[in-house]
Amino acid sequence: MLMAVSGDLFDIWEQPTEIRYRKPNGRIGHHIFDFLITLMSGERIAVAIKPLERVWQRNFERELECIASHMPKTFADSLMLITDRDLDVQAANAAGRDLMMRNRSLMGVAA
């Protein structure tokens, strides 16, 4: 919702195609990003959203480094990790209200 109201969003794809990558132990891993965002500039950003505790427990930042090294440039230009520490709940709620006001047909869906 925050990206949708930013004015810079061109397209958003929820759970895009999986990325195959080689883990540090040599095994093949699979990852599906939460979103693939395309900005008005054409830049594509793969977005992973995880609870911060899970990021620490699974050493997810290291896993993202492996994923990034195998991610085709045709898929995304960069990646972004968002955790609950990054989330501004008040801003997200305000963005949701703003989207509803912009498109009243969504109000029936939310009800």
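Above this text you will find the structure in question.
A brief look at the structure comes next. In this text the structure is predicted, and so the values were computed from the model without any measurement.

Before going further, it helps to spend a moment on the overall build of the chain. Along the backbone of the chain there are four helices and six strands. Its helices and strands taken in sequence order, the chain reads β-β-β-β-β-α-α-β-α-α from the N to the C terminus. By residue count, 27% of the 111 residues in the chain fall in the buried class. Pairs at least 24 apart in sequence give 56% of the contacts found in the chain among residues at least 6 apart. By element, 53% of the accessible surface of the chain is carried by carbon and sulfur atoms, the whole surface being about 7,600 Å².

Within a sheet, adjacent strands bond to each other through the backbone by hydrogen bonds, running parallel or antiparallel. Strand order in this open sheet of four strands is S1-S4-S5-S6, and the pairing throughout is mixed. With one partner strand each, in any of the chains shown, strand S1 (9-14) and strand S6 (78-82) form the two edges of the open sheet. Ignoring which end each strand starts from, the neighbouring axes of this sheet average 25 degrees apart. Relative to strand S5 (residues 44-49), strand S4 (residues 35-39) is paired through four bridges, and the arrangement is antiparallel. Within S5, the position partnered with phenylalanine 35 by the bridge is valine 47.

This part takes up the side chain of lysine 50. Relative to the assigned elements, lysine 50 resides in the loop between S5 and helix H1 (52-58). For the buried lysine 50, no salt bridge exists, and the shortest N-O distance to an oppositely charged side chain is 4.1 Å, to aspartate 34. Those residues in contact with lysine 50, other than ones at most four positions away along the chain, are His31, Asp34, Val55, Phe60, Leu81, Ile82, Thr83 and Asp84.

Moving on: the nonpolar core. The nonpolar side chains of soluble globular proteins are, as a tendency, buried together. Counting residues in hydrophobic clusters, the biggest one holds 14 residues, and the most contacted among them are Phe33, Ala46, Met71 and Phe75. Breaking this core down by element, the ones donating at least two residues are strand S2 (19-22), S5 and helix H2 (60-70). Residues within four places of phenylalanine 33 in sequence aside, it is in contact with Gln15, Pro16, Ile19, Ala46, Val47, Ala48, Leu64, Ile67, Met71, Phe75 and Leu79.

Cut-offs used in this document
- Each chain has its residues counted from 1, following the order in which its sequence is written.
- A pLDDT threshold of at least 70 governs which residues receive local features in this predicted model, and a stricter bar of 80 or more applies before side-chain atom pairs are shown or counted, although totals over entire chains, interfaces and linings include all residues.
- Calculated side-chain values reflect all of the structure's heavy atoms, with hydrogen atoms and water omitted.
- By definition, any uninterrupted DSSP run of H or I lasting at least four residues is a helix, any uninterrupted run of E lasting at least two residues is a strand, and each is numbered from the N terminus.
- The buried label goes to any residue with under 20% of its type's maximum accessible area, the exposed label to any with over 50%, and the partly exposed label to all in between, with areas taken from a 1.4 Å probe on protein chains only.
- Residues count as neighbours in contact if any of their non-hydrogen atoms are within 4.5 Å of one another.
- In short, Shrake-Rupley with a 1.4 Å probe defines the accessible areas, and a residue's cover is counted only from the protein chains shown.
- If DSSP finds at least two bridges between two strands, the strands pair.
- A fitted line through C-alpha atoms serves as each axis, taken over the contacting stretch for helices, and the angle formed by two N-to-C directions is quoted from 0 to 180°.
- Note that His is not counted, nor are the chain ends; the positive residues are Lys and Arg, and the negative ones are Asp and Glu.
- By salt bridge we mean one thing: a side-chain nitrogen of Lys or Arg within 4 Å of a carboxyl oxygen of Asp or Glu.
- To qualify as a nonpolar core, a set must consist of buried Ala, Val, Leu, Ile, Met, Phe, Trp, Tyr and Cys residues joined through side-chain atoms within 4.5 Å.

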